[in-house]
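Spelled out, the chains give:
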Amino acid sequence: MSRRARTTAKVTYVDLVSDEDSNHGDNEEEWKPPEPKAVPSASAAGEKKASERTSKPKVPKKEAAKKGAKNPKAGLKRQKLADKANVEAGDVQSESTEAGPSVRTKEERMSFTVSKSDTWAQEGSSFAGLTAKKEEEDDDDFTFDEPALKKQKTGCQSSVETKQPRSVKVDLGMNWDLIEVLSVQTCVERWVCANVVTLLREENTVPFMVRYRKEMINRMDADSVRDVQLVYEELCALAKKTQSVINTLKKDGVLTTELGKSLKSCRSADELDHVYTPYKKGCKVTKVRKAKALGLEAAAIALIEAPDTLDLRTWVQRGTEGLSSVQDVSTGVLHILAYTIAKDPESLTYVKTLCENDDVRLHSSVTKTALKEKEEKAAAPKNKKQDVDKFNLYFEFNGSVQRIQPHQTLAINRGESLKILTVKINIPDRVKKNFLWWCINNRWKPKSYACKEHQALIKDSVEDAYKRLIVPFLSRTYRTKLTKTAEKESVAMFVRNLRQRLLVCPVRGCAMMGVDPGFRHGCKLAILSPTGQILHTDVVYLHGSRNDREAEKLRHLMVKYSCSRVIIGNGTACRETESFFADLIAKCYFHPLDVSYCITNEAGASIYSISPEAVKEMPDLDPNLRSAVSIGRRVQDPLAELVKIDPKHIGIGTYQHDVSSAALKAALDGVVQECVSFVGVDINTCSEILMRHVAGLSTGRARNIAEWREQNGPFCNREQLKLVKGMGPKSYQQCAGFIRINQTLHSGAKCAPPPALPTQAAAKKVKGKSSVTVATHFNPLDQTCIHPESYLAARRFLSLIGGNASGIGSAHLKQSVDQKVASCGIDELSRTVGTTPETLRLIMDGLTQPPGFDIRQDFGQEDFKRGIVSIHDLQVGAVLTGRVDNTCLFGAFVDIGVGRSGLIHKSKMTLDKLPVSQRRRSLALGPGERVEVRVLDVDAARGRISLDLIRVLH
């Protein structure tokens with residue numbers, strides 16, 4: 001089929017009759033529940049669709065002949081497939097045709113066709129039945145009017161009970177099935193893995209899948225989807241590396257059929273390295289290759305297959321190195337047989353089974369060098385002495401590999417990298433004994449009579465294979481597995497801590513003073529308005545002789561700006577600054593204001609204060625004052641402020657530098673995108689930095705949206721995002737549901753239509769003109785979590801309950817929804833409005849939640865207090881309340897208001913003390929959670945407080 005010429009988009013603005021219909025520009029009659037009727041035949045639907053399609057330009061016969069020379073019927077076949085796909089999408093296409101001019105998408109990254117089972121796409125999507133091609137981020141001009149060239153089914157399940165996977169053909173060139181291996185390694189059902197892989201290959205984001213494709217992923221949460229994604233990427237990387245190894249070996253001329261099969265059967269990087277190592281250039285393990293080069297491979301085969309016919313003396317060649325004596329020949333045969341045993345999958349499986357059923361242990365000990373430095377304290381540098389002392393627990397550590405804790409693994413790895421510890425894996429002798437017996441009497445037993453010399457050679461080969469090749473392989477495997485597990489747990493802890501830090505409930509509606517405490521250079525102040533605008537900045541010296549004058553200055557500023565909340569950073573001089581404010585509050589110094597304060601984590605504030613984003617946002621402020629602004633805004637709106645800082649600088653988790661930096665960054669960036677998307681952003685008021693983290697948007701698209709907003713004024717509806725440069729149909733699909741257009745900005749007034757697309761962009765188009773229908777009225781559904789592809793189903797549901805989109809969030813509409821669900825049930829209602837139960841639940845949430853709903857309102861705020869308690873006032877057995885400040889792999893640190901965080905060891909977090917919803921993980925506490933604790937021990941000299949968890953507060 002010939003490609004249609006690209007056309008210049010002509011933007012047409014349509015004034016719609018009502019707000020409810022503003023998204024699609026339709027004037028259809030009020031929808032009513034469908035009556036039972038006969039299903040039209042496919043031929044009738046095809047005729048109807050054919051009449052709606054415009055005629056296509058003719059292709060000269062010569063040109064067509066060139067394109068289809070090899071298969072003259074290929075064009076006709078593609079045409080039939082396209083017509084069939086259009087017939088399947090006939091219902092949705094006909095609805096959009098009745099509503100007005102159809103909106104067509106330009107070919108982009110993925111393509112999808114609506115079938116009768118694809119219920120999610122029948123919910124009013126602008127992309128129903130259309131295809132898309134790879135989208136360029138900064139392409140000058142995307143149009144939503146060009147026809148699609150090919151169509152592919154996504155095969156989305158119509159209900160969660162439909163567990164058949166879509167047809168996924170991912171050929172990695174390996175001897176195992178990707179979906180099966182993915183399912184085994186992630187413990188996720190096969191059909192779910194198939195759907196996740198397909199969605200990932202179609203470049204869907206994790207937040208989009210979790211919210212709008214719940215049926216396809218079996219309602220998995222974002223962390224579970226991200227785990228599947230990570231394993232999938234690892235398997236793809238393994239396949240790529242395997243192919244590279246095969247190409248290298250082929251180029252070197254050492255690739256054999258058996259070796260290629262062994263390489264393609266590897267399911268981990270360790271297995272691949274184990275097979276490939278002897279063939280690496282410059283590799284020290286060259287004994288087997290030397291023996292094979294001498295032609296001794298036939299003798300090694302004969303030793304097992306027909307030892308009665310083997311005479312090693314016949315292989316002796318005087319004067320040839322490696323063959324000059326019977327002993328040299330025996331050594332060469334031993335190396336070949338040992339290598340064969342070490343690479344044999346059945347032998348490796350058996351020895352791994354023996355190890356799993358035995359007590360394999362990891363042992364670490366202090367190195368002689370580190371011990372010498374520890375003893376010679378005067379000569380050793382201070383930092384090295386401190387490093388050595390930190391690893392006292394692991395100077396003689398011996399633990400089972402089955403029970404060693406992730407934080408212990410990371411600590412041991414760090415000590416080993418600093419050359420303070422030596423580490424080895426101890427495999428019991430009985431494993432060797434059982435393995436040798438099995439090899440000699442079973443797997444590698446000679447197939448005919450073998451003399452004593454031959455039997456001894458086989459035994460020596462097995463022992464050599466075990467000691468020289470298998471034990472190092474097992475040690476590497478165990479170390480890699482332990483490290484990988486520990487890194488995964490550490491990254492999961494970082495992710496969980498960051499999510500809870502970002503989702504702390506914002507404190508709005510009052511002016512605040514951010515304080516960056518300090519001694520020598522004073523305390524930096526920034527007074528912020530309730531919306532975060534900078535009202536005043538200053539520097540005060542609270543810890544000198546002039547503190548009375550500074551206190552008077554503070555009172556004047558706080559009364560002038562009606563500021564009753566003080567936010568103090570937890571850095572240097574935090575304790576003294578807190579004490580200063582607590583004393584003033586106790587004396588009612590700020591009367592008539594009721595002042596309170598809180599301590600917040602200031603990690604990353606100094607880094608942000610000198611970043612390009614901070615310079616652009618606050619160009620006239622000193623970097624120290626920018627830190628005070630950031631500290632105050634962290635409490636006003638934690639999410640909007642913390643996304644400006646690299647997640648690894650926020651001060652969460654432990655062993656940050658001991659895990660893979662790439663894996664940590666990818667996971668933290670993913671959770672930032674997840675939090676920003678699920679909270680939602682008002683596209684007309686949010687910062688460009690915040691927009692970058694919305695699913696489907698990037699730095700370039702966020703910049704283009706901000707520029708469009710500056711040039712054309714606020715967005716009136718989500719549809720206008722299609723006019724932004726670089727916003728293709730795929731990007732629009734991914735981001736539209738997470739973007740809000742709040743009604744308060746428009747107050748019912750009609751927005752002025754923005755100008756047509758730029759002339760430079762239009763100049764790139766060729767002949768032909770078409771138009772994009774874009775509404776200019778505010779759509780009430782645009783301020784909800786309902787995706788535009790579900791607007792049609794939402795309007796049907798509103799008609800069914802007798803409601804109106806203008807009443808979103810009202811008590812009357814909520815009552816109507818509850819009554820309808822109680823009388824009909826979710827499943828019946830979803831069938832009536834033509835959607836899935838999960839999508840209908842999302843629609844009901846969007847209709848019943850009040851405008852401006854924020855999911856963070858269910859999370860706790862920062863704790864404000866007026867007094868202060870010292871660590872010396874604590875008594876063992878005292879019961880206190882506090883807030884979790886940070887969690888790590890061995891416990892949780894809790895701020896109990898004494899200037900020092902206490903530690904709840906993970907052994908004190910038993911299941912009976914945790915809510916049911918938080919018992920899924922070994923460490924169920926996270927930053928920001930309020931807890932009730934009991935003091936177990938106080939070490940004031942070392943500043944250590946041990947706590948016992950009583951319960952989690954809500």
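Conventions we followed
- Residues numbered from 1 in each chain as written.
- Predicted model: local features only at pLDDT ≥ 70, side-chain atom pairs only at ≥ 80, totals over all residues.
- Heavy atoms only, no water.
- Helix = DSSP H or I, 4+ residues; strand = E, 2+ residues; numbered from the N terminus.
- Buried < 20%, exposed > 50% of the residue type's maximum accessible area, 1.4 Å probe, protein only.
- Contact = heavy atoms within 4.5 Å.
- Areas by Shrake-Rupley, 256 points an atom, 1.4 Å probe, with all protein chains shown as cover.
- Pairing = 2+ DSSP bridges.
- Axes fitted to C-alpha atoms, helices over the stretch in contact; angles between N-to-C directions.
- Expected span 1.5 Å × (residues − 1).
- Polar contact = N/O pair within 3.5 Å; in protein donor to acceptor, adjacent residues only side chain to side chain.
- Parallel < 35°, antiparallel > 145°, perpendicular 65-115°, else oblique.
- Left-handed = near helix turned anticlockwise from the far one by under 90°.
- Nonpolar A, V, L, I, M, F, W, Y, C, P; charged D, E, K, R; others polar.

**Thoughts on the overall build of the protein**
For the protein, the count of helices and strands is 34 helices and 17 strands. Buried positions account for 50% of the 954 residues belonging to the protein. Sequence-distant contacts in the protein: of pairs separated by 6 or more residues, those separated by 24 or more amount to 74%. With an accessible surface of roughly 46,500 Å², the protein has 51% of that area assigned to carbon and sulfur atoms.

**Details of the sheet that holds strand E3 (residues 396–400)**
If you walk across this open sheet you meet the three strands as E3-E2-E4, and the pairing is antiparallel. Each edge of the open sheet carries a strand with a single partner, namely E3 and strand E4 (421–426). Averaged over all adjacent pairs, the angle separating strand axes in this sheet is 15°, with direction ignored. Where strand E2 (residues 361–366) meets E3, five bridges bridge the pair, whose relative direction is antiparallel.

**Here's the deal with the sheet that holds strand E6 (residues 523–528)**
Strand order in the open sheet made by the five strands is E7-E6-E5-E8-E9, with mixed pairing throughout. The sheet terminates laterally at strand E7 (534–540) and strand E9 (596–600), the two strands that pair on one side only. Strand after strand, the sheet turns through a mean of 20° between neighbouring axes, direction not considered. Across five bridges, the pairing between strand E8 (residues 563–569) and E9 is parallel.

**Let's talk about helix H24 (residues 623–636)**
Its 14 residues place the ends of H24 20 Å apart at the C-alpha level, agreeing with the 20 Å of an ideal helix rising 1.5 Å per residue. The buried fraction of H24 amounts to 12 of the 14 residues, a majority that puts the element mostly inside the structure. Within H24, the full set of buried residues consists of Leu625, Arg626, Ser627, Ala628, Val629, Ser630, Ile631, Gly632, Arg633, Arg634, Val635 and Gln636. Capping of H24 at its N-terminal end is provided by Asp622; its side-chain oxygen lies 2.9 Å from the backbone amide nitrogen of Asn624.

**Some points on the packing of helix H20 (residues 547–560) against helix H21 (residues 574–586)**
Contact pair H20 / H21: the axes reach a minimum separation of 12 Å and the direction vectors enclose 70°. Classified by the interaxial angle, the pair formed by H20 and H21 is roughly perpendicular. Crossing of H20 over H21 shows right-handed handedness. Listed contacts from H21 to Asn547, Ala551 and Leu554 of H20 are Phe580, Phe581 and Leu584. Residues that form the contact of H20 with H21 fall into these classes: five nonpolar, one polar and no charged.

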